[in-house]
Amino acid sequence: MSDDDSPLLLLDLSDDVLCFVMAFCSPESMLELSHVNRFLRSLARRTVRSSTWQEVHRDELQAHRWQCGQSRAVRLLSAGTPSRRSMTCMPGGLTAVDVTASGWLAAGGQSGQLMGWRELNATSFRHQYTVSHPGVITALALRDDGVVATACEGNLSCFDLQSKQLVQVFVDAHDSVFAVAWAPHPVSASAELLSGGADRALRLWNIEVGECVREALDCAAVSALVFCKGDCPGLGGVLLSPSRDFSIAVRDAQSLLPCGPALIGHTRPVLCVAAHGDRVASGSGSGEIRIWSLHTRECTGVVLASAGAGAVYAVALSGAALLSGCCRETCVRVWREGAGAADERSTWRVVARLNRQGGGAGSVCTLAMDHGRVASGDNVGGVPHVWS
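Below is a short write-up of the structure.

### Comments concerning the sheet that holds strand E19 (residues 288-293)
Consideration 1: Overall, antiparallel pairing links the 4 strands, which are arranged E17-E18-E19-E20 in an open sheet. Both edges of this open sheet fall to strand E17 (270-276) and strand E20 (298-304), since each of them pairs with a single strand only. On average, adjacent strands in this sheet sit at an angle of 20 degrees to one another, irrespective of strand direction.
Consideration 2: Direction of pairing for E19 relative to E20: antiparallel, over a ladder of 6 bridges. Note on E20: the bridge partner recorded for Glu288 is Leu304.

Put into structure tokens, the structure is as follows:
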């Protein structure tokens, strides 16, 4: 049978017969078929949602952590290559994940493993690098060029995912490192990494020289670090970090000194922070997400998670879209600002739920977003999920 005859043969068969035949196609074959044309793409989506296909490929799905997108607007990408051998799952749950618009993906877990992936195409990532740490990876930060910084116990390590080499190590950087972030340009002309930990200090490290070039010792135990553009005169950017009094300190990104009033309003510890432009989102242990204006330093909105959702572990912000993950929920909620909110005290409403691997999926504990690409990790699954 020639390639020209195969489309005619497919059209002569009913959809039910085609679904039965395609039930024996592997997950990798389904991905390839979905790129041929609209007809096969629609048929592939219908097939993978059927109980017959899922039962036939149950072992492969468990091994690959592979799942087809359930919405036209949201596409779930597989973290790995089309080869089963390279679809490596990290033992234990994930503790940190980051993704870049340039096509890099990195994740760290409770087992101490760091794994990096490189985007192959619109539907798959290729496993690029794996390295083990002596303890739990508590935080990581990924740059557009594929260099990732990790925090483990009190040490900081930097790896180049592209060359698969160790770039730098800072031993005993803190008592325990809870947060890391790369200093953006033009704040830093060289490669500099900011870290915060349990010793209530912020330290800025020069990766090329291998030294601490600046520190601030008047901080709280830092749980999150976010750089964003500020409106303070003469500043190239500001740094956001939670404080001991449940507020969010705003600091000059260059000097690390306080820059104007803090963001005050939370009644429980702030666990996560995200920023986009002049807008800041923060989640706390009370299950509350607050939206702030960096210009006025005032709270402009309150988003309440559903009853029983628990503490907000992760937030991501991009334009009018807000994403959240809570300790008692297995899905990522997508919020949008506008009319029709369920709670009259808030102008935000849930417009979508990004469901991850079903059956035993853990709580969403880490989120990352870059130019519309979202990565999430939970405390049970060993592979991050990526949506576009």
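### Considerations on the environment of Ala139
Consideration 1: Its location among the elements puts Ala139 in strand E6 (residues 137-142).
Consideration 2: Those residues within four positions of Ala139 in sequence are excluded, and the remaining contacts are Ala96, Ala149, Thr150, Ala151, Phe178, Ala179 and Val180.

### Thoughts on the nonpolar core
Consideration 1: Formed by 16 residues in total, the largest nonpolar core has its most connected members in Leu156, Val180, Trp182, Leu193 and Ile207.
Consideration 2: Elements with a contribution of two residues or more to this core: E6, strand E7 (147-152), strand E8 (155-160) and strand E10 (177-182).
Consideration 3: If we ignore the near neighbours within four places in the chain, the residues touching Trp182 are Ala141, Leu142, Arg143, Val147, Val148, Ala149, Cys158, Glu192, Leu193, Ile207 and Phe227.
Consideration 4: Counting 15 residues, the second largest nonpolar core, distinct from the first, contains Ala281, Val312, Cys326 and Trp348.

### Some words on the pairing of E10
Consideration 1: When you tally the buried positions in E10, you get 5 out of 6 residues, the bulk of the element.
Consideration 2: Pairing of E10 with strand E11 (residues 192-197) involves 5 bridges; the strand directions are antiparallel. The residue bridging Trp182 from the neighbouring strand is Leu193, located in E11.

### Topic: the packing of aromatic side chains
Consideration 1: Counted under the stated rule, the structure contains 2 aromatic pairs.
Consideration 2: Consider the rings of Phe170 and Trp205, whose centres lie 4.6 Å apart with planes at 40 degrees: the pair is tilted. Taken together, the residues span a long stretch of sequence, with Phe170 in strand E9 (residues 165-170) and Trp205 in strand E12 (residues 202-206) at a distance of 35 residues. When sorted by exposure, Phe170 lands in the same class as Trp205, which is buried.
Consideration 3: Between the NZ or CZ atom of Arg143 and the centre of the ring of Trp182, over which it lies, the distance is 4.6 Å.

### Comments concerning the environment of His174
Consideration 1: On the secondary structure map, His174 appears in the loop between E9 and E10.
Consideration 2: Taking relative accessible area as the criterion, His174 reaches 4% and is therefore assigned buried.
Consideration 3: Separated by 23 residues in sequence, His174 and Gly197 have C-alpha atoms that sit 5.9 Å apart.

Calculation rules
Residues numbered from 1 in each chain as written. Predicted model: local features only at pLDDT ≥ 70, side-chain atom pairs only at ≥ 80, totals over all residues. Heavy atoms only, no water. Pairing = 2+ DSSP bridges. Helix = DSSP H or I, 4+ residues; strand = E, 2+ residues; numbered from the N terminus. Axes fitted to C-alpha atoms, helices over the stretch in contact; angles between N-to-C directions. Contact = heavy atoms within 4.5 Å. Core = buried A, V, L, I, M, F, W, Y, C linked by side-chain atoms within 4.5 Å. Buried < 20%, exposed > 50% of the residue type's maximum accessible area, 1.4 Å probe, protein only. Phe/Tyr/Trp six-rings, centres within 6.5 Å; stacked < 30°, edge-to-face > 60°. Lys NZ or Arg CZ within 6 Å of the ring centre and 35° of its normal.

Fair warning: the whole summary comes from geometry, so function is off the table for now.
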